[in-house]
Amino acid sequence: FWDAELMRLEAESLRLDGESAHIVSKKFQQSLVVARAQGARSFELRTALNVAAVQQDTAGQSKALDVLREVFTSFSEGLNTGDLKASRDRLAGARS
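These numbers come from a predicted model, not from an experiment.

Rules and cut-offs
Residues numbered from 1 in each chain as written. Predicted model: local features only at pLDDT ≥ 70, side-chain atom pairs only at ≥ 80, totals over all residues. Heavy atoms only, no water. Helix = DSSP H or I, 4+ residues; strand = E, 2+ residues; numbered from the N terminus. Rg over C-alpha atoms; globule rule 2.2 N^0.38 Å. Buried < 20%, exposed > 50% of the residue type's maximum accessible area, 1.4 Å probe, protein only. Phe/Tyr/Trp six-rings, centres within 6.5 Å; stacked < 30°, edge-to-face > 60°. Salt bridge = Lys/Arg side-chain N within 4 Å of Asp/Glu carboxyl O. pLDDT = per-residue confidence, 0-100. Axes fitted to C-alpha atoms, helices over the stretch in contact; angles between N-to-C directions. Parallel < 35°, antiparallel > 145°, perpendicular 65-115°, else oblique. Left-handed = near helix turned anticlockwise from the far one by under 90°. Contact = heavy atoms within 4.5 Å. Nonpolar A, V, L, I, M, F, W, Y, C, P; charged D, E, K, R; others polar.

K.L.:
Go over the overall build of the chain with me, naming the residues and quoting the values.
P.N.:
Looking only at helices and strands, the chain has five helices and zero strands in total. Taken over the C-alpha trace, the chain has a radius of gyration of 13 Å; the compact-globule value for 96 residues is 12 Å, and the two agree within 12%. Here the C-alpha coordinates of the chain stretch approximately 35 × 35 × 20 Å along the principal axes. A total of 96 residues make up the chain; the buried ones form 33% of that total.

K.L.:
Lay out the packing of aromatic side chains with the relevant residues and their values.
P.N.:
Tallying each qualifying case throughout the model produces three aromatic pairs. Between Phe 1 and Phe 43 the ring centres are 5.6 Å apart and the planes differ by 55 degrees, which places this aromatic pair in the tilted class. Of the two residues, Phe 1 sits in the segment before α1 (3–16) while Phe 43 sits in helix α3 (residues 41–54), which places them 42 residues apart along the sequence. By relative accessible area, Phe 1 is classed as exposed at 62%.

K.L.:
Lay out the pattern of salt bridges with the relevant residues and their values.
P.N.:
Evaluated as defined, the whole model comprises seven salt bridges. The partner of Arg 36 in a salt bridge is Glu 44, and the shortest N-O contact between them spans 2.6 Å. Here Arg 46 makes a salt bridge to Asp 83, at a shortest N to O gap of 2.6 Å. Of this pair, Arg 46 sits in helix α3 while Asp 83 sits in helix α5 (residues 82–95), placing them 37 residues apart in sequence.

K.L.:
Report on the confidence of the model for the chain, specifying residues and quantitative values.
P.N.:
Scored by pLDDT, the chain comes out at a mean of 92, with 97% of its residues at no less than 70. Taken element by element, the predicted model of the chain shows its lowest mean pLDDT in α5 (90) and its highest in α1 (96).

K.L.:
Tell me what's going on with the packing of helix α2 (residues 21–38) against α3, and back it up with residues and numbers.
P.N.:
It is at 9 Å that the axes of α2 and α3 come closest, and there the two elements cross at 155 degrees. Put simply, α2 runs roughly antiparallel to α3. For α2 against α3, the interelement crossing comes out left-handed. Where α2 abuts α3, its residues Phe 28, Ser 31, Leu 32, Ala 35 and Arg 36 lie against Phe 43, Glu 44, Thr 47, Ala 48, Asn 50, Val 51 and Val 54. Looking at the contact of α2 with α3 residue by residue, the classes come out as seven nonpolar, three polar and two charged.

Spelled out as structure tokens, the structure:
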């Protein structure tokens with residue numbers, strides 16, 4: 001059950017350690033795939049939020065925000081949780 005979250009944390013750790021963007025991106029994508037397969041929407045949201053942050057000011061930003069928007073809009077409850085607030089802020093900031 002925690003596989004997607006562990007992959008996300010590993011990707012974030014690799015990013016902070018200066019690993020190549022390709023390797024980090026691949027690990028984040030694996031996390032998204034696993035989260036979707038498990039129906040773990042909260043973990044999918046966290047990963048999408050990380051990807052959007054990493055892709056900020058890059059050519060991949062638009063796609064990352066699309067993924068984040070898709071996951072974010074699938075939630076109808078818990079809209080005041082930290083991850084959903086951060087996602088809403090990230091999406092609102094992208095529109096500015």
